[in-house]
Amino acid sequence: MKSKLLILLALGIFTTSCISIRAKSKQTIIAKEEYTPVDQELYNTIVALDKRFFDAYNTCDMETQAELISEDIEFFHDKGGLATSKTQILEALKNNICDKVTRTLIDGSIEVYPINGYGAVQMGEHKFFNKLEPNAKSIPSKFITIWKNDNGTWVMTRIVSTHKN
């Protein structure tokens, strides 16, 4: 009799806790707010830097790309892994991207947040198009770029690039 009572009591507690967990999880779901830049001037600066870098990327302007990549770069690519050599990254861009791949930013996807005493973090979505495979489907991918402001000279110090496929 006592064991049946204990089992019923344990089931009651378990059921109550499950209902409580479900109720709590419903309370934590909120709608995503539309992005508004915290600092419009910083946002405009980072968007212009992104455009400058990827205009250079799309036209094989290695000098501009080199100017905007930090000597202590860390480039995290979900497929390629971690790259920390600016020289190797530029060489890979020259050999694998130039005249083969172009990048298009997804309009309205960029978000920029200040990093006090350092620079900014940029997040967004973009697509890459392979000129050698013009019929290949391009799926948007996400990126995060950490920009360092060194007395008005901006460089990318950390880049994270992810892809859906």
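Remember, it's a predicted structure, so these values are computed and weren't measured experimentally.

(A) Structural detail: the layout of surface pockets. Counted as a void, the largest pocket has a volume near 930 Å³. Together, 38 residues line the largest pocket, and Tyr-57, His-77, Ile-97, Phe-128 and His-163 are the ones closest to its centre. The set of elements that each furnish at least two residues to the lining of the largest pocket consists of α2 (40-59), β1 (69-77), β2 (81-83), α4 (86-96), β5 (119-130), β6 (141-150) and β7 (153-162). For the lining of the largest pocket, the residue count by class is 20 nonpolar, 14 polar and 4 charged. The computed volume of the second largest pocket comes to approximately 190 Å³. Elements with a contribution of two residues or more to the lining of the second largest pocket: β5, β6 and β7. Here the residues of the lining of the second largest pocket sort into 4 nonpolar, 3 polar and 4 charged.

(B) Looking closely at the nonpolar core. Ranked by internal contacts, the top residues of the largest apolar core, which has 23 residues, are Ile-46, Ile-69, Val-112 and Met-156. Among the elements of the structure, α2, β1, α4 and β7 are those that each provide at least two residues to this core. Looking at which element gives the most residues to this core, the answer is α2, with 7 residues. With residues near it in sequence (within four places) discarded, Ile-46 still touches Val-112, Ala-120, Gln-122, Trp-147 and Trp-154.

(C) Representation of the pairing of β6 within the structure. Two strands pair when backbone bridges link them, and β5 and β6 are joined in this way by 8 bridges, in the antiparallel orientation. Looking across to β6, one finds that Ala-120 is bridged to Trp-147. Across 9 bridges, the pairing between β6 and β7 is antiparallel. When the bridges of β7 are listed, Ile-144 appears paired with Val-160.

What counts and how
- Residues numbered from 1 in each chain as written.
- Predicted model: local features only at pLDDT ≥ 70, side-chain atom pairs only at ≥ 80, totals over all residues.
- Heavy atoms only, no water.
- 1 Å grid on protein atoms, 1.4 Å probe; cavity = no way out; pocket = protein on both sides within 12 Å on 5 of 7 lines; lining within 4 Å.
- Points joined across faces, edges and corners; volume = space filled by probe spheres on them.
- Helix = DSSP H or I, 4+ residues; strand = E, 2+ residues; numbered from the N terminus.
- Nonpolar A, V, L, I, M, F, W, Y, C, P; charged D, E, K, R; others polar.
- Core = buried A, V, L, I, M, F, W, Y, C linked by side-chain atoms within 4.5 Å.
- Buried < 20%, exposed > 50% of the residue type's maximum accessible area, 1.4 Å probe, protein only.
- Contact = heavy atoms within 4.5 Å.
- Pairing = 2+ DSSP bridges.

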